[in-house]
Amino acid sequence: MTAMAAILDRITAAMAREIDRGRVADYIPELSKVDPRHFGIAVATADGRVISAGEAARPFSIQSVSKVFTLSLALECLGEACWQRVGREPSGDPFNSIVQLESDNGIPRNPLINAGAIVVSDILLAGRGPDDAVAAILAFMRRITEDDSIEIDSAVASSERKTGFRNRALAHFMRAAGTVTHDPEQTLAVYFRQCAIAMTCEQLALAGRIFAFAGRIGPTGETIITPARARRVNSLMLTCGHYDGSGQFAFDVGLPGKSGVGGGILAIAPGKASIAVWSPGLNTVGNSQLGTMALEMLARETGWSVFGEG
Ligand code: GLN
């Protein structure tokens, strides 16, 4: 057994002993059906391997983890002009907060909160309908994982479409402000479906390689995004990827990371590895409780924190 496999087995065993696993998201009814006992972890390393433990081959709803991939795609489509419609500062507020938008003239603080990600979905809608925009997102996910089996969970997408009233409020307010440029329902038709993409930890770790390896699918693989864009998405993950828990995540784990309310977290050790973890129970700010603990253990055992060892 390799050293990494042993670390992942130790982490998985430690997480199995945890009694307080957080609370599964229930504001999207379909997500409330997921058993909180699931746990999986996978690491895609610089030598091209994927090492995993637990339920790393079981698909889950990636939810907001999708935001780093749609941002990458939007930057490829629209370039720097994206930053006229969305900022780059941590919000210090919950992921679905409405409160800053009015004082900020309808420009979301960053692309990783819901408001910002809805703007990114709107950018991806330019010149095409929602079905084509969603198809482009799915094609991107399949290309960077080199896996054509990735699909959208339509039950999760329709569950959110029926209950996504806060996201509707954000989208309609931004349409009034001009940051969203299409019919808000069309923009949300993209956003709800991108959030409902189902992936396994192994697939998500593979997808994150573009951020770990300067835009490439592995250190010597095909270039998908420029090194500068990969570096900048990492910086946004570090400062904004866990909403009002971003400071705590940097403190505990010390890696760029993006969470989703499905309980997934993608974490990046630049130049070293892309890591995906899944445990559906969330902490009070909506980030995977055991996922964060597992990543803290992994960063400590590998010395991968971007802030140094120890
Ligand atoms: N689809 C979810 C929402 O918009 C995503 C939020 C999340 O994962 N934090 O509410």
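Residues numbered from 1 in each chain as written. Predicted model: local features only at pLDDT ≥ 70, side-chain atom pairs only at ≥ 80, totals over all residues. Heavy atoms only, no water.

(A) Geometry of unusual backbone geometry. Non-glycine residue Gln63 carries a positive phi angle of around 45 degrees. Following the sequence through the fold, Gln63 ends up in the loop between β4 (60-61) and α2 (66-78). Phi is positive for Ala214, which is not a glycine, with a value near 50 degrees. Locating Ala214 in the fold gives a position in the loop between α10 (209-212) and α11 (227-240). (Helix = DSSP H or I, 4+ residues; strand = E, 2+ residues; numbered from the N terminus.)

(B) The sheet that holds strand β2 (residues 40-45), seen in detail. Here we have 5 strands laid out as an open sheet, ordered β3-β2-β9-β8-β7, and antiparallel in their pairing. Edge positions in the open sheet fall to β3 (50-54) and β7 (257-259), since each of these has one partner strand only. The sheet shows a mean angle of 10 degrees between the axes of neighbouring strands, direction not considered. Relative to strand β9 (residues 273-278), β2 runs antiparallel, the two being bridged by 6 bridges. Residue pairing across strands places Ala42 opposite Ala276, the latter belonging to β9. Contacts from helix α1 (residues 3-16) reach β2 and β3, with the element oriented near 25 degrees to β3. (Pairing = 2+ DSSP bridges. Axes fitted to C-alpha atoms, helices over the stretch in contact; angles between N-to-C directions. Contact = heavy atoms within 4.5 Å.)

(C) Spotlight on the packing of aromatic side chains. Enumeration according to the criterion identifies 5 aromatic pairs in this entry. Between Phe60 and Trp278, the ring centres sit 5.0 Å apart and the planes meet at 10 degrees, which makes this aromatic pair stacked. On the criterion of sequence distance, the pair formed by Phe60 in strand β4 and Trp278 in strand β9 is long-range, its members being 218 residues apart. The burial state of Phe60 is the same as that of Trp278; both residues are buried. Ring geometry for Phe95 and Tyr243: centres 5.4 Å apart, planes at 50 degrees, overall tilted. Highlighted residues: Phe95 in the loop between α2 and α3 (99-103) and Tyr243 in the loop between α11 and α12 (246-252), separated in sequence by 148 residues. Like Phe95, the residue Tyr243 is buried in the burial classification. One aromatic cluster in this structure is built from Tyr27, Phe95 and Tyr243. (Phe/Tyr/Trp six-rings, centres within 6.5 Å; stacked < 30°, edge-to-face > 60°. Buried < 20%, exposed > 50% of the residue type's maximum accessible area, 1.4 Å probe, protein only.)

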